[in-house]
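# An overview of the molecular structure
Listed below are the residues making up each chain.
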Amino acid sequence: MGTLSGKRALVTAAGAGIGRAIAERFLAEGASVFACDTDADALESLPDEIGRIICDVADEAAVEALFSASDAALGGLDILVACAGTAGPVGAVEETDAEAWRQCLEVSLMGSYLTARAAVPRLRLAGGGSITTFSSVSGLFGYPHRTAYCAAKWGVIGFTKALAAEVGTDGIRVNAICPGVVEGERMDRVIAAEAKARGVPESVVREGYVQGNSLRSWIRAEDVADMAVFLSSDAAARITGQAMTVDGQTETR
């Protein structure tokens with residue numbers, strides 16, 4: 001039996017990257033999994049055992065449709081992993097587009113709120129459960145040229161801690177995962193944008209990220225999935241309201 005055997009889990013942004021690694025790992029650990037993403041092609045490439053629907057988590061009506069579909073597929077809910085987020089604009093604050101800044105907060109912060117709001121009554125019906133939100137080391141440290149992303153991810157931690165205090169007596173645990181620099185296309189795009197904003201080669205930015213943690217290494221999506229499994233499992237039964245880093249110990253800068 002897997003660590004999550006018999007659990008019913010909903011994972012957002014599960015078409016690629018961290019979300020996909022979590023959805024596939026949950027399936028391997030025995031959970032029944034329902035997934036959403038905005039990318040239809042990415043969703044279609046998920047394992048057949050994973051239910052799926054297209055959803056923009058910043059859209060209230062779309063989130064209602066997501067949970068209705070999840071209810072039909074899973075028959076209830078024990079775990080929510082609110083993984084959806086966006087890198088947001090990269091550049092000096094005075095040159096940042098206001099709509100891009102707003103969208104970053106909408107997806108990461110509003111999306112966490114909307115999905116958690118829908119999940120809480122379902123988790124109460126199940127007798128308790130787990131919500132895992134996604135912040136970042138950028139929710140712990142300030143980084144130049146990433147004001148929207150840092151603001152959104154700091155907000156996610158505040159939301160997580162407040163919600164944990166609110167629903168703990170219902171047996172619902174709420175924790176945030178704060179990944180460091182995770183390998184993949186998303187970070188490749190961030191590095192390219194940051195290199196352009198700073199006027200330096202991409203190799204300089206990439207090396208700076210690696211030098212910014214104690215292990216001098218990038219993080220894999222699978223490393224983050226390991227933490228998500230732990231936080232969603234009975235092994236973390238007394239852990240709530242925490243911001244858990246998977247970052248190789250990022251140093252302040």
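Our structure is the block above this text.
Reference entry: report on the structure contained in this document.

## Quick notes on the overall build of the protein chain
A count of helices and strands for the protein chain gives eight helices and seven strands. What you see for the protein chain is a C-alpha radius of gyration of 17 Å, in line with the 18 Å of a compact globule of 253 residues. Structurally, the protein chain occupies a C-alpha span of about 50 × 35 × 35 Å along its principal axes. Expressed as a percentage of its 253 residues, the buried residues of the protein chain come to 49%. Contacts in the protein chain between residues far apart in sequence, at least 24 positions, make up 68% of those at least 6 positions apart. A total of about 11200 Å² of accessible surface is found on the protein chain, and carbon and sulfur atoms cover 52% of it.

## Some details on the packing of aromatic side chains
Under the definition given, this model contains zero aromatic pairs. Looking at arginine 146, its charged tip hangs above the ring of tyrosine 149, at a distance of 4.5 Å from the centre.

## What to know about the state of the cysteines
One pass over the structure, following the stated rule, counts zero disulfides. No disulfide involves cysteine 36; its sulfur sits 4.6 Å from the nearest other cysteine sulfur, which is in cysteine 55. The thiol of cysteine 178 is not disulfide-bonded; the next cysteine sulfur, from cysteine 150, is found 12 Å away. Residue class for cysteine 178 comes out buried when judged on its relative accessible area of 0%.

## Some points on the pattern of salt bridges
This model, assessed by the stated rule, comprises 10 salt bridges. The salt bridge involving arginine 20 is made with glutamate 24; its shortest N-O contact spans 3.1 Å. Taken together, the positions of arginine 20 and glutamate 24, both in helix H1 (residues 17–28) and four residues apart, correspond to about one turn of that helix. A salt bridge links aspartate 226 to arginine 25; its shortest N-O distance comes to 2.2 Å. Of this pair, aspartate 226 sits in helix H8 (residues 221–232) while arginine 25 sits in helix H1, and the two are 201 residues apart along the sequence. Among the residues examined, aspartate 226 registers a relative accessible area of 38% and is labelled partly exposed. The structure contains a network of salt bridges with shared partners spanning Arg25, Glu29 and Asp226.

## Quick notes on the packing of helix H4 (residues 98–125) against helix H5 (residues 147–167)
As a packed pair, H4 and H5 sit with axes 8 Å apart at the nearest point and diverge in direction by 15 degrees. Here H4 is positioned roughly parallel relative to H5, judged by the angle of their axes. Where H4 crosses over H5, the two elements pack in a sense that is right-handed. Here Trp101, Cys104, Leu105, Ser108, Leu109, Ser112, Tyr113, Ala116, Val120 and Arg124 of H4 come into contact with H5, specifically with Thr147, Ala148, Tyr149, Ala151, Ala152, Lys153, Gly155, Val156, Phe159, Leu163 and Val167. When its residues are assigned to classes, the contact of H4 with H5 shows 15 nonpolar, four polar and two charged.

## Points about the pairing of strand S1 (residues 8–11)
The sheet contact formed by S1 and strand S2 (residues 32–37) spans four bridges and is parallel. Following the sheet pairing, leucine 10 is matched in S2 by phenylalanine 34. For the handedness criterion, the β-α-β arrangement of S1, H1 and S2 is classed as right-handed. Where S1 lies against strand S4 (residues 79–82), three bridges are found, and the strand directions are parallel. Of the residues in S4, the one forming a bridge with leucine 10 is leucine 80.

## What to know about the sheet that holds S4
What holds strands together in a sheet is hydrogen bonding between their backbones, with the strands either parallel or antiparallel. What the seven strands build is an open sheet, ordered S3-S2-S1-S4-S5-S6-S7; its pairing is parallel. Two strands close off the open sheet at either side, each with one partner strand: strand S3 (51–54) and strand S7 (243–246). Across the sheet, the axes of successive neighbouring strands diverge by a mean angle of 20 degrees, strand direction being ignored. With respect to the sheet, H5 is in contact with strand S5 (129–134), strand S6 (172–179) and S7, its orientation differing from that of S6 by roughly 160 degrees.

## What to know about the side chain of threonine 133
Topologically, threonine 133 is positioned in strand S5. At 2.6 Å, the side chain of threonine 133 forms a polar contact with the side chain of threonine 160. Excluding its chain neighbours within four sequence positions, the residues that come into contact with threonine 133 are Ala82, Val156, Thr160, Asn175, Ala176 and Ile177.

Rules used in this analysis
- Residues numbered from 1 in each chain as written.
- Predicted model: local features only at pLDDT ≥ 70, side-chain atom pairs only at ≥ 80, totals over all residues.
- Heavy atoms only, no water.
- Helix = DSSP H or I, 4+ residues; strand = E, 2+ residues; numbered from the N terminus.
- Rg over C-alpha atoms; globule rule 2.2 N^0.38 Å.
- Buried < 20%, exposed > 50% of the residue type's maximum accessible area, 1.4 Å probe, protein only.
- Contact = heavy atoms within 4.5 Å.
- Areas by Shrake-Rupley, 256 points an atom, 1.4 Å probe, with all protein chains shown as cover.
- Phe/Tyr/Trp six-rings, centres within 6.5 Å; stacked < 30°, edge-to-face > 60°.
- Lys NZ or Arg CZ within 6 Å of the ring centre and 35° of its normal.
- Disulfide = S-S within 2.5 Å.
- Salt bridge = Lys/Arg side-chain N within 4 Å of Asp/Glu carboxyl O.
- Axes fitted to C-alpha atoms, helices over the stretch in contact; angles between N-to-C directions.
- Parallel < 35°, antiparallel > 145°, perpendicular 65-115°, else oblique.
- Left-handed = near helix turned anticlockwise from the far one by under 90°.
- Nonpolar A, V, L, I, M, F, W, Y, C, P; charged D, E, K, R; others polar.
- Pairing = 2+ DSSP bridges.
- Right-handed = clockwise from strand over helix to strand, strands pointing away.
- Polar contact = N/O pair within 3.5 Å; in protein donor to acceptor, adjacent residues only side chain to side chain.

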